[in-house]
Every structure is written in C-alpha cells, then in structure tokens.
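Structural features, examined
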Amino acid sequence: MDTEIVVTVIAGVLLAVATLGTVFPVLPGSLLTVGTLLAWSWILGSTASRTMGLLGIAFAVVGWTASTVLTGRNLKQQQIPKGSTLVALLAAIVGMFLIPVVGLFVGFGVGLLGSEFVRRRNFPEALRASGSALKAAGAGILVEFGCAAMAASLWVVGVVWHFSTR
C-alpha cells in the first residue's frame, strides 16, 4: 500500500480526534492538530501538503491562543484568583470521573462557584463572576473548535490538491 495514502488516512483520523478534543478537553485538540498537520505536510513533502498544512497550523494556533486569551482575560476582569481556578480544575477532574461526558464541565462550574462563594461570602456575586467566566470559557472553546475545524477543512483541500497533482 502507498505510504502517502496510509499517512493521509492516519492524519484524517487524528484530525477528527483533535477537533473533538477542542470540545472535550481530554485530548489536547489544538496541539494534536498542529502536530498532525506538521507531520503530514513534512512526510508528503509536496507544495500542496506544505501550503495547506501551514495554513491549517496557523488556524489551529490562532484558535488555541484565542481560547486562552478569552478565558484568561475574563478571569482577570472578574478578579478570580488562581486559587479559585485551581479548585475548579481539580473539581473538573473529579467531575470527569463521576459524570460521563459532561462531568468535566459540570465539575469546573461547580468548583469555581463553590470556591468563589467561599472567597467572596456573597452568593449572587460569586454566581455572577463564575457565570461570566464560564461564558468566556465557552466562547473560547467555540473559537478553538471553529479554528480546528477550519484547519481540518484546509487539510481536506490539501489532500485533494496533493493527490490530484501527484
């Protein structure tokens, strides 16, 4: 079997997993996207694979950065300290094991709300700050997903281009 076809099929599977990994953060979605596109474009070595691979990598990096910036900026605006974020992350890990599929998100939200309530001693204020942070995290996840999906779409264009000019 042709090596380029095998590498392309493996890359397609990894990109599908990576795109899902941006929504279900058990896998490093954007990092896996970048690594997959880098390896695929290097192994195939054509103008098509390099061009579309680099464009896809650029989209994945933009999505990864935007997600981090959106969430981090909002946490700072809501004056949520790193300690509360750490508690939320630990609760997210526990939630992931207790509630399949959505436990990570539920655990993070409950952990952040609980930590902020203990810190602020005011439930409506803790709820407002936690809700705002969760909305920003959700927006970040959507942006990262969209950019990973765009990177995967560019990969498809690269696959068609590469194999039609081979």
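Residues numbered from 1 in each chain as written. Predicted model: local features only at pLDDT ≥ 70, side-chain atom pairs only at ≥ 80, totals over all residues. Heavy atoms only, no water.

Considering the overall build of the protein chain
- From N to C terminus, the protein chain includes six helices and zero strands.
- For the protein chain, the succession of helices and strands along the chain, N to C, is α-α-α-α-α-α.
- For 166 residues, the compact-globule estimate of 2.2 N^0.38 gives 15 Å, and the protein chain exceeds it by more than 25% at 19 Å.
- When each of the 166 residues of the protein chain is scored for burial, the buried share is 40%.
- Sequence-distant contacts in the protein chain: of pairs separated by 6 or more residues, those separated by 24 or more amount to 67%. (Helix = DSSP H or I, 4+ residues; strand = E, 2+ residues; numbered from the N terminus. Rg over C-alpha atoms; globule rule 2.2 N^0.38 Å. Buried < 20%, exposed > 50% of the residue type's maximum accessible area, 1.4 Å probe, protein only. Contact = heavy atoms within 4.5 Å.)

Re the pattern of salt bridges
- Counting across every chain of the model gives three salt bridges.
- Salt-bridge contacts for R120 lead to E116; the nearest nitrogen and oxygen are separated by 2.5 Å. Taken together, the positions of R120 and E116, both in helix α5 (residues 103–120) and four residues apart, correspond to about one turn of that helix.
- Take E116: its relative accessible area is 0%, and that puts it in the buried class.
- Linking R120 and E125 is a salt bridge whose minimum nitrogen-to-oxygen distance equals 3.2 Å.
- By relative accessible area, E125 is classed as partly exposed at 33%.
- A network of salt bridges, in which partner residues are shared, links E116, R119, R120 and E125. (Salt bridge = Lys/Arg side-chain N within 4 Å of Asp/Glu carboxyl O.)

Notes on the confidence of the model for the protein chain
- Here the protein chain averages 90 in pLDDT, and 98% of its residues register 70 or above.
- Mean pLDDT per element in the protein chain: helix α4 (residues 82–98) is the minimum at 88, and helix α2 (residues 29–44) is the maximum at 95. (pLDDT = per-residue confidence, 0-100.)

Quick look at the side chain of S84
- Relative to the assigned elements, S84 resides in helix α4.
- Residue classification places S84 among the buried positions, given a relative accessible area of 2%.
- Among residues more than four places away in sequence, those in contact with S84 are L112, S115, E116 and R119.

Observations regarding the packing of α5 against helix α6 (residues 123–164)
- Where α5 contacts α6, the two axes come as close as 8 Å, and the packing angle between them is 145°. Between α5 and α6 the crossing geometry is right-handed. Of the residues in α6, those touching α5 at F105, F108, G109, L112, L113, E116, F117 and R120 are F123, E125, A126, L127, R128, A129, S130, A133, L134 and I141.
- The residue inventory of the contact of α5 with α6, partitioned by class, reads twelve nonpolar, two polar and four charged. (Axes fitted to C-alpha atoms, helices over the stretch in contact; angles between N-to-C directions. Left-handed = near helix turned anticlockwise from the far one by under 90°. Nonpolar A, V, L, I, M, F, W, Y, C, P; charged D, E, K, R; others polar.)

A look at the packing of aromatic side chains
- All chains considered together, the criterion is met by two aromatic pairs.
- Between W40 and W155, the ring centres sit 6.1 Å apart and the planes meet at 65°, which makes this aromatic pair edge-to-face. Of this pair, W40 sits in helix α2 while W155 sits in helix α6, and the two are 115 residues apart along the sequence.
- Residue classification places W40 among the buried residues on the basis of a relative accessible area of 1%.
- By relative accessible area, which is 12% here, W155 ends up buried.
- Their ring planes at 70° and their centres at 5.9 Å tell us that F117 and F123 sit as a pair that is edge-to-face. (Phe/Tyr/Trp six-rings, centres within 6.5 Å; stacked < 30°, edge-to-face > 60°.)

Some words on the environment of V118
- In this structure, V118 sits in helix α5.
- According to the relative accessible area criterion, V118 is exposed, its value standing at 51%.
- Between the alpha carbons of V118 and L70 there is a distance of 25 Å; along the sequence they are 48 residues apart.

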